[in-house]
Amino acid sequence: MCGIVAYAGPRPAAEVLIDGLKRLEYRGYDSAGIAVVVEGGPVSCVKSAGKVNALERLLRENTPELMEAAGCGIAHTRWATHGEPSDVNAHPHSDEKGKFYIVHNGIIDNYQTLRKRLAEQGCVFRSSTDSEVIAHLIARFYQGDLPRAVAAAVRQLSGTYGIAVVSPLHPGMIVAARKGSPLVIGLGEKENIAASDLAAILPSTRNVMYLNDGDLAVMTADSVEVRNFENMPIERETTRVEWSADAAEKGNYPHFMLKEIFEQPETVENAIRGRIDHEMKSALLSGLNLTPRELAEIGRIVIAGCGSSMHAGLVGEYFFEDLAGIPTEVEQAAEFRYRNPIIEPRTLVIPISQSGETADTIAAVREATAKGALVAALCNVVGSTVAREAGRGVYLHAGPEISVASTKAFTSQVTVLLLLALLFGRNRRMDRTDGARLIAEIEALPDMIRKVLEQVPEIERIAKRYAHCNDFFFIGRGPLYPAALEGALKLKEISYIHAEGYHAAELKHGPIALLDPAHPVVALANNIPGRDKMLGNIQECRARKAPVIALVTEGDAEAEALAGDVIRIPECSRYAAALPTVAALQLLAYYIAAERGCEIDQPRNLAKSVTVE
Ligand code: M6R
């Protein structure tokens, strides 16, 4: 939540910062601001409630000279936690004298204590944010050395933060520090950029340095020095990023979400590429770094994640139990962390996270590690906190996912879980014939999704027909039960329609009371085990006059005849079924939201990565 970007170099800082904010806007978009230090001049700080476009308009109309001025600067796009979205609560924040400007991503847990103490010492606070204390603390500790003052200030903080600081007393210098919120530094030609994530950096450079918790970076146009909070120098390695800046552009699509839905045949292919061992009829997942013996010793799997990542985990639970016979549980990551989970020596914990920066998932990794579990993460963002702290795992290779609604990350997560189940299964009870059969299914996944994407005209037509409805049910069985949860989540988050995902068997235990002609039911009735029972459930819904949109296997005339509207899913086994089915549900949600004129890529109240609890 919240995106920060900081620039030191010869280009007009405001232009670079605004471009960076636009690329980070999916992290939060209720207000934005920048502060630019021009050598010899005062700090220009401009903030505005609303999106980055509003800030840009303000800058171009009121201070066009600032857009051209060379200098260094910091910028922020906000997802409000403390204090409503407003000009005054927007970042950057400064001390009263305007000597120290900060941007902050995270939450300062002890801000009230600090604020009270600072107010008693005469500090005047302007905003209701937790972040403003940081600027005042730096001012209190400053004795001519900015990095030392920042280090002293952050030592007072508890909570999470990624911060960047500028001061007119040190033109050309940016000090950044991190604990619990991501920060990465792009190392360019005579320029350096720090940001919450790669999206803001890739247009300038692919050479990056990830900061760890407890790192403080002193950045100018020509240098980056990393120290700890005690001012001792630290070495951090430089890595080259594979993603290009184009991957984070919308291209000709009206929304990132639609682009990302259409990328899925390719992203699923990327998740599979090089990971099939045709000779052994197994999977090659070198990032796991486990010997066959270690694999065979795994006695239990616990998957932890949030939102769509947790839903992917629920699909994976079926794979692991069914194909490998390993008892598996899925925990909401926050629940995992706080319920004192039982971790035995042979437990494998699999945190799943697209961003690798979700606060609760990071905490789950730490809890699992502290309890001695083997931890192997499934992440999309290379070098993210979850990936690094887990130390082993499998990357999704889905490319940047910008739309707040997760789409391609979900299908890649399920694909990788299926590869893991193949590996675990072959390591245990699965024979070569079954291994070969599963490989064929995995390799067919991209084409299955392609076939679903060809049905856009039909799905769009159905979406238009139902877009006026205010309540939806999604029902499924087996691995399509989590697919129903995912379909409901997609619809509610981008269209603001109330949607609930249920196990189809659960309908009769209460929710059926709600069914009437105004409650469409999306029934996942693919021809996999459970299909016959699902047809019965469809009949029950129709008997209550609820309209039914059924997802059925191509050619299943009996299922088609029962439903009012039909989306056809290619014939596949229960292991593959969730992927093409969810792709269809993503399209349904997308076109319903489009019909309702919603802000699809940036839904209200949401942000792409939930870096606070
Ligand atoms: O980055 P992560 O996968 O850890 O994010 C988890 C959830 O915040 C995320 O899946 C969220 O639910 C999406 N908005 C769903 O579309």
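Residues numbered from 1 in each chain as written. Predicted model: local features only at pLDDT ≥ 70, side-chain atom pairs only at ≥ 80, totals over all residues. Heavy atoms only, no water.

**Comments concerning the overall build of the protein chain**
The helix and strand inventory of the protein chain stands at 20 helices and 28 strands. For the protein chain, the spread of C-alpha atoms along the three principal axes comes to 75 × 55 × 45 Å. Burial status across the protein chain gives 62% buried among its 613 residues. Taking all contacts inside the protein chain whose residues are at least 6 apart in sequence as the whole, residues at least 24 apart take part in 71%. Counting 64 positive and 77 negative side-chain charges, the protein chain places the averaged centre of each group 2 Å from the other. (Helix = DSSP H or I, 4+ residues; strand = E, 2+ residues; numbered from the N terminus. Buried < 20%, exposed > 50% of the residue type's maximum accessible area, 1.4 Å probe, protein only. Contact = heavy atoms within 4.5 Å. Lys, Arg positive; Asp, Glu negative; His and termini not counted. Charge placed at Lys NZ, Arg CZ, Asp CG, Glu CD.)

**Some words on the layout of surface pockets**
In this model, the largest pocket occupies a volume close to 650 Å³. Taken together, 28 residues line the largest pocket, and the ones lying closest to its centre are Val382, Gly383, Ala387, Arg388 and Tyr395. In terms of residue count, the dominant contributor to the lining of the largest pocket is strand β23 (residues 393–395) (three residues). Each residue belonging to the lining of the largest pocket can be placed in one class, and the counts come to twelve nonpolar, nine polar and seven charged. (1 Å grid on protein atoms, 1.4 Å probe; cavity = no way out; pocket = protein on both sides within 12 Å on 5 of 7 lines; lining within 4 Å. Points joined across faces, edges and corners; volume = space filled by probe spheres on them. Nonpolar A, V, L, I, M, F, W, Y, C, P; charged D, E, K, R; others polar.)

**What about the domain arrangement of the protein chain?**
How large an interface is tends to be reported as the accessible area lost when its parts come together. By domain assignment, the protein chain separates into domain 1 (3–243), domain 2 (250–452) and domain 3 (455–613). Between the C-alpha centres of domain 2 and domain 3 there is a distance of 24 Å. Counting residues at the interface gives 46 residues for domain 2, matched by 43 residues for domain 3. Buried surface at the junction of domain 2 and domain 3, both sides included, amounts to about 3,600 Å², of which 67% is carbon and sulfur. (Domains from an automatic or database assignment. Buried area = accessible area lost by both parts, 1.4 Å probe.)

**Here's the deal with the sheet that holds strand β9 (residues 184–187)**
Here we have eight strands laid out as an open sheet, ordered β3-β2-β4-β1-β10-β9-β11-β15, and antiparallel in their pairing. The open sheet terminates on both sides in strands that have one partner only, identified here as β3 (43–49) and β15 (239–240). Pairing of β9 with strand β10 (residues 192–195), which is carried by four bridges, proceeds in the antiparallel orientation. Looking across to β10, one finds that Leu187 is bridged to Asn192. Most of the contacts of helix α2 (residues 52–62) go to β3, to which it runs at about 135°, and overall it touches β2 (31–37), β3 and β4 (70–78). (Pairing = 2+ DSSP bridges. Axes fitted to C-alpha atoms, helices over the stretch in contact; angles between N-to-C directions.)

**Re the site of the ligand**
Around the ligand, the surrounding shell holds 15 residues, and the nearest of these are Ser309, Ser353, Ser355, Thr358 and Glu493. At 2.7 Å, a backbone N or O of Gln354 approaches an oxygen atom of the ligand. In this structure, Glu493 approaches the ligand through a side-chain N or O atom, which is 2.4 Å from an oxygen atom. When isolated, the ligand has an accessible area of 410 Å², and the protein chains bury 91% of it. Mapped by element, the contributors of at least two residues to the shell around the ligand are α10 (307–324) and α17 (480–495). (Near = heavy atom within 4 Å. Polar contact = N/O pair within 3.5 Å; in protein donor to acceptor, adjacent residues only side chain to side chain. Areas by Shrake-Rupley, 256 points an atom, 1.4 Å probe, with all protein chains shown as cover.)

**Structural notes on helix α14 (residues 408–427)**
Compared with the 28 Å implied by 1.5 Å per residue over 20 residues, the 29 Å span of α14 between its first and last C-alpha is a close match. Counting buried residues along α14, 19 of its 20 residues qualify, which places the element largely inside the surrounding structure. (Expected span 1.5 Å × (residues − 1).)

**Thoughts on the packing of aromatic side chains**
Summed over the entire model, instances satisfying the criterion amount to eight aromatic pairs. For the cation-ring pair, Arg604 lies above Tyr496, with the distance from its terminal atom to the ring centre recorded as 3.8 Å. (Phe/Tyr/Trp six-rings, centres within 6.5 Å; stacked < 30°, edge-to-face > 60°. Lys NZ or Arg CZ within 6 Å of the ring centre and 35° of its normal.)

**Observations concerning the nonpolar core**
Ranked by internal contacts, the top residues of the largest apolar core, which has 98 residues, are Phe424 and Phe472. Per-element tally for this core: the top contributor is helix α20 (residues 578–595), with 13 residues. Both of domain 2 (250–452) and domain 3 (455–613) provide at least three residues apiece to this core. For Phe472, the contacting residues outside a window of four places in its chain are Tyr466, Leu491, Ile497, His498, Ala499, Glu500, Pro520, Val522, Ile549 and Ile592. Of all hydrophobic cores here, the second largest spans 37 residues; its members include Ala200, Tyr210, Phe256 and Ile402. (Core = buried A, V, L, I, M, F, W, Y, C linked by side-chain atoms within 4.5 Å.)

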